Amino acid sequence: MELHDVWFVLIAVLWTGYFFLEGFDFGVGVLTKLLARNRPEKRVLINTIGPVWDGNEVWLLSAGGATFAAFPEWYATLFSGFYLPLLLILVCLIVRGVAFEYRAKRPEENWQRNWETAIFWTSLIPAFLWGVAFGNIVRGVKIDQDFNYAGGVLDLLNPYALLGGLVTLALFTFHGTVFVGLKTVGEIRERARKLALRVGSVTALLALTFLAWTQSDRGDGATLVAVAVAVVSLVVAMVAARAGREGWAFALSGLTIVATVAMLFLTLFPNVMPSTLNPDWSLTVTNASSSPYTLKIMTWCAAVATPIVMLYQGWTYWVFRKRIGTQHIAETVH
Amino acid sequence: MDLALAPETLARWQFGITTVYHFLFVPLTISLAALTAGLQTAWVRTEKEKYLQATKFWGKLFLINIAMGVVTGIVQEFQFGMNWSDYSRFVGDVFGAPLAFEALIAFFFESTFIGLWIFGWDKLPKKIHLACIWMVSIGTILSAYFILAANSWMQHPVGYRINEAKGRAELTDFWLVLTQNTALAQVFHTLTAAFLTGGAFMVGIAAFHLVRKKHVPVMKTSLRLGLVTVVVGGLLTAVSGDVLGKIMYQQQPMKMAAAEALWDGEKPAPFSVFAIGDVDKGHNEVAIEIPGLLSFLAKDDFTSYVPGINDVNKAEQEKYGPGDYRPNIPVAYWGFRWMIGFGMTSFAIGLAGLWLTRKKFLLPQHLRVGEDEVPHLVLLPKKALGPTLTKWYWRIAILTLGFPLIASSWGWIFTEMGRQPWVVYGVLQTRHAVSPGVSQAEVITSMVVFTTLYAILAVVEVKLLVKYVKAGPPELTEADLNPPTKIGGDTRDADKPMAFSY
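Residues numbered from 1 in each chain as written. Chains lettered and ligands numbered in written order. Predicted model: local features only at pLDDT ≥ 70, side-chain atom pairs only at ≥ 80, totals over all residues.

How we decide: UniProt positions are given in the numbering used here, feature names are shortened, and annotations may be inferred rather than shown by experiment.
An unreviewed UniProt entry lists chain B under the name Putative Cytochrome d ubiquinol oxidase subunit 1, with Streptomyces afghaniensis 772 as the source organism. On record in UniProt, under Sequence similarities (unreviewed entry), the comment for chain B is "Belongs to the cytochrome ubiquinol oxidase subunit 1 family." In UniProt, chain B has this text filed under Subcellular location (unreviewed entry): "Cell membrane".

Chain A appears in an unreviewed UniProt entry as Putative Cytochrome d ubiquinol oxidase subunit 2 from Streptomyces afghaniensis 772. For the record of chain A, the UniProt heading Subcellular location (unreviewed entry) holds the text "Cell membrane". Checking UniProt for chain A, the heading Sequence similarities (unreviewed entry) contains the comment "Belongs to the cytochrome ubiquinol oxidase subunit 2 family."

Here it is, written out as C-alpha cells:
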C-alpha cells in the first residue's frame, strides 16, 4: 500500500467523521420542524448539539484542508467544478453557525423565530447537497484533459445524484432522531423514538435503492459487504430505537453512515473523480496526489493529531453526557 | 475582454473582500481569547468578583466576535479551490500542508474547547474550565502561525523545487517553510498587532463606561489591562514591523519601493511623508521627504542605497522576461501609511492613557482614587487635566477601538497588493492562478452573495455588540460563585436549569 492509497483511506476517514458527527447535527436541525411541537422543545433540540456542533464541523475543514494537501488536483477540480452547490453549502454553514450563537442573544420573539427558521433550512440544504456532491463524484462528471470540470451546474442534478442527496438527507435526519432519543428526557424522547421508526423506514427505502443502483453499476464483492452492513445496521438501529436501546440505536445508525461512505469510496478507488468524457482524464490516487515527501509529513501529522482529537472530542461528549429536557433551559437571554 | 471584468480581477476582488472581512474578526479573536483567559485566571487566583464579572463581560463580546470569525473562516478554506484552482494545482503540494496542519491541530483545538468553555460553567471544576479558555487561546495562536507560514511562502517561497513534468511546485523542506525568517517575522508582527487591536477594543469600551461613571471597578481594571496591552502590543508591533520591513527590502524590494513611492534608487534614500505621483511617467509630482530615513529603515544605516520602483522593474524584466512588474503604487503607498498611521495613533493614545490614569507613581495623595471611583487624568506630576481636556481624552480613547482594525486591514491590503503581479513571488503570477473552468457569471454570483451576506451579518453583529457593550458586566449569581467541584456538574438536582443554553 503506497502513501497515496493511505491518504485515500484517510480522506475517507475524515469525511466519515464529518458525516457521522455533523450528520446528526444536520438531523437535529431538520427535527426543529419535524419533531419539536413548541419553541421550548426547539431549544431543547438545539441545545443537544450546542456544545459540540462547532467541533464537529471542523471535520469538514480537515477533510478540505487534507484534500488540498494530499490531492491538490482533486481539491482544485472538485471545488471549482461544483462551484454553485458549494457556494450554497458555504452560505448555509455561515448562516447556521451564526444562528446557533446569536439566536438566544436577544429576547425578541421575531429575532429568535427567524434564526430558528434559518437553522432548519441551513441544516436541510447541506444535508441534501453533500449527497448530491458525492453522488456525482462516484458517478463521474465531465472532466477535460486539463482536469477541469467541463459540465454545467444542471449536469450535477442528475437522478442518481439527486437520489444520493435524498439518501444523505434522510440518513442524517434518522441519525439525528436517534441522537435526540439518546440526549433528551421526557415527552420529546418518547416522540423521537416513535419518529425514528418512520424516518428510518423512509431512509431504508431510499438507501436500499441508491446502494443497489451503485452496486449494480460499479460494485464488487467488497462493496456488497459494505451495502449489507449499511442495510442491516440501519434496520437493527430502527428496532433498537423502538425498543428504547438508544445507545445501540445511535451506534448502529452511525455504522450505517460509516458503511455507506465506505461503500462510496470503495467504488471510487483508485479513481478520486472519474471523468465521463474519457477514462484517461479521470483523476486518480496517482495523478491527483502530492509528492511522497508531502504525503509523508501529512501522514505523521494525521497519525498523531487525529487520535488526540478523537480523545478530547470524546471527552467533551462525556462532560455533556446528561440528558436534557425543557426543564433544563432557563428562560433568560445570554 | 473588458479588463474590469477579467476573471482575475473579479477573483481578486472576491478574495480581498472575504479576506479583509474575515480579518476584522481574527485579531480580536486572538487577543480577546488571551485577555479573557488572563482575567479568568485572575478570578481563579484572587477570587475577586470584579475579575469574574470582567471575564463574563469580555468573554461575551469575544464569543459574539469569534462566531463571525469561525464562519467566515470556512470560506477561506474552500475558496482557493473555487476561484483559484490553477493556483491550488500548482502550489497544493507545498501550500496545502500548513492549511491541513491548521485544521487538524488548531481548528479542532479552538472549536472543541470553545464549546466546553461556553457550556462548561456548571459542568467543569473551576480550574479545568479555566484551562479550556487557555486551550482556545493556544488554538487561535497556532492557527495564526500555520496560516501565516503558508502566506509567508507566497511572499518568499523556500523549501521547494519546481517539478517541470508535473508543472507544479513540490515541497522539499517543510521545516524551512515553518521557520523561515519571513514566517517568524510575520507571525511576530501579526500577533503583536492583534494584541494592539484587542487592547484598543478594551480601552475604547472601558472608556465608554468610565466617562459615564458606570461599572467603575470592572471597567477600571479593564482600562488598565487594555492600556498595558496597547502599549506593549503597539511597541512590539513597531519593532516587529521594522524587522519585517527589513526582510521585505531583501526579499521583495518592489513592495517596499512602492510603499515609499521611491521611483528611482537613491543613496541615501529619504522617507516619504507625502507624495502625489504619476504612475505612467514613473515619478512623483509632489513629495515631502525626510532625508536618509528610508536607508535606515531598510538597512539600519542612514547612507545605504535603496533601489527604486523603476530599477526593480527593470531587474525583474531581465530576470523573468518582458512585462510590468509594478504593483498598484498608490494603494501600496497609502496602504503602508494608513497601516502605520492608525496603528501608531492607537499606541500613542494608549501610552498617554497609561500615564494619565496611573495609580500612584508621581501622583499626590489628593489625586489618588478608591476602587470604585473613575481615575483623574493627571498629566503633570501634581495637576489633573481640566474638564474639557478630560472629556476629549475619553472621547479619543473611545474612538481608538476602531483604529487598529483599520490599520490591520490596510496592512494586509498593502502586503498582498504590494506583491502583485505575483501570487507566489517570483514563481507564479496571479493571472495564471485563477480557475479556468469557472465562468464570469459564477464568480459574480458568489461575489454578490458573499458581499450581501457579509454586509447583513456585519449589521447584525455590530448591533449585538453594541447591545452587550451597553448592558455592561452581568450581575453574578449564586451558581457563578459556586462552580461545580466535579466533572459533569452536580447531580443532586436533576432538573436544575443549565447555566448557559443556546
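From this point, things continue past the structure.
### Regarding the overall build of chain A
This is how it is decided: In this description a helix means any DSSP run of H or I spanning at least four residues, a strand means any run of E spanning at least two, and both kinds are numbered starting from the N terminus. Computation of the radius of gyration draws on C-alpha atoms alone. For the globule rule, the value is 2.2 Å times the number of residues to the power 0.38. Buried residues are those with 20 or more other C-beta atoms within 10 Å of their own C-beta, exposed residues have 12 or fewer, and partly exposed residues lie in between; C-beta atoms are placed from the backbone.
Within chain A, the secondary structure is distributed over 11 helices and two strands. Ordered by position from the N terminus, the helices and strands of chain A form the series α-α-α-α-α-α-α-α-α-α-β-β-α. On C-alpha atoms alone, chain A measures out to a radius of gyration of 20 Å, which is about the 20 Å that the 2.2 N^0.38 rule sets for 334 residues. In terms of its C-alpha atoms, chain A occupies a principal-axis envelope of roughly 60 × 40 × 40 Å. Counting only residues that meet the buried cut, chain A has 60% of its 334 residues in that class.

### Considerations on unusual backbone geometry
Note: most residues except glycine have negative phi, and most peptide bonds are trans. Between Phe269(A) and the following residue, Pro270(A), the backbone shows a cis peptide bond with an omega angle of 0 degrees. Turning to its location among the elements, Pro270(A) is positioned in the loop between helix H10 (246-268) and strand S1 (271-273). In this structure, Pro268(B) follows Lys267(B) across a cis peptide bond, with omega equal to -10 degrees. You will see that His215(B), though not glycine, has its phi angle at about 45 degrees, which is positive. Along the chain, His215(B) turns up in the loop between helix H6 (181-210) and helix H7 (216-251).

### Some remarks on the domain arrangement of chain B
Residues and elements named next belong to chain B. The test is simple: Where each domain begins and ends is defined by an automated method or by a domain database. A pair of residues counts as a contact when their C-beta atoms, built from backbone coordinates, are separated by no more than 7 Å.
Per the domain assignment, the segments of chain B are domain 1 (7-252 + 327-481) and domain 2 (255-321). Placing the centre of domain 1 and that of domain 2 at their C-alpha centroids yields a distance of 30 Å. Taken together, the contacts link 14 residues of domain 1 with 11 residues of domain 2. Where the side of domain 1 that touches domain 2 is concerned, the elements lending two or more residues are H7 and helix H11 (329-356). For the side of domain 1 that touches domain 2, the leading source of residues is H7, giving five residues.

### As for the environment of His366(B)
Relative to the elements of secondary structure, His366(B) occurs in the loop between H11 and helix H12 (387-399). Along the chain, His366(B) and Leu380(B) lie 14 residues apart, while their C-alpha atoms are 14 Å from each other.

### Side note on the packing of helix H1 (residues 7-46) of chain B against H6(B)
The axes of two packed helices give the description: the angle between them and the distance between them. Residues and elements named next belong to chain B. Which entries qualify depends on this criterion: An axis is simply a line fitted to the C-alpha atoms; with a helix, the fit covers only the stretch in contact. Between two such axes, the angle follows the N-to-C directions and lies from 0 to 180 degrees. Should an angle fall under 35 degrees it is called roughly parallel, over 145 degrees roughly antiparallel, and 65 to 115 degrees roughly perpendicular, with every other angle called oblique. Under the scheme applied, nonpolar residues are Ala, Val, Leu, Ile, Met, Phe, Trp, Tyr, Cys and Pro; charged residues are Asp, Glu, Lys and Arg; polar residues are all the others, including Gly.
Contact geometry of H1 with H6 gives a least axis separation of 8 Å together with a crossing angle of 70 degrees. Put simply, H1 runs roughly perpendicular to H6. Facing Pro27, Leu28, Ile30, Ser31, Leu32 and Leu35 of H1, the residues of H6 in contact are Leu191, Ala193, Ala194, Phe195, Thr197, Gly198, Gly199, Phe201 and Met202. Looking at the contact of H1 with H6 residue by residue, the class counts come to 11 nonpolar, four polar and no charged.

### Quick word on the interface of chain B and chain A
Listed per partner, the contact involves 62 residues of chain B and 66 residues of chain A. Secondary-structure elements contributing two or more residues to the side of chain B that touches chain A are helix H2 (49-83), helix H3 (85-119), strand S2 (168-171) and helix H14 (440-471) of chain B. For the side of chain B that touches chain A, the element with the most residues is H3(B), which contributes 23 residues. Residue classes in the side of chain B that touches chain A are distributed as 38 nonpolar, 16 polar and eight charged.

### Regarding the environment of Pro381(B)
All names here are of chain B. With respect to the secondary-structure elements, Pro381 resides in the loop between H11 and H12. Look at Pro381 and you get exposed, because 10 C-beta atoms sit within 10 Å. The spatial distance from the C-alpha of Pro381 to the C-alpha of Leu362 is 5.4 Å, given a sequence separation of 19 residues.

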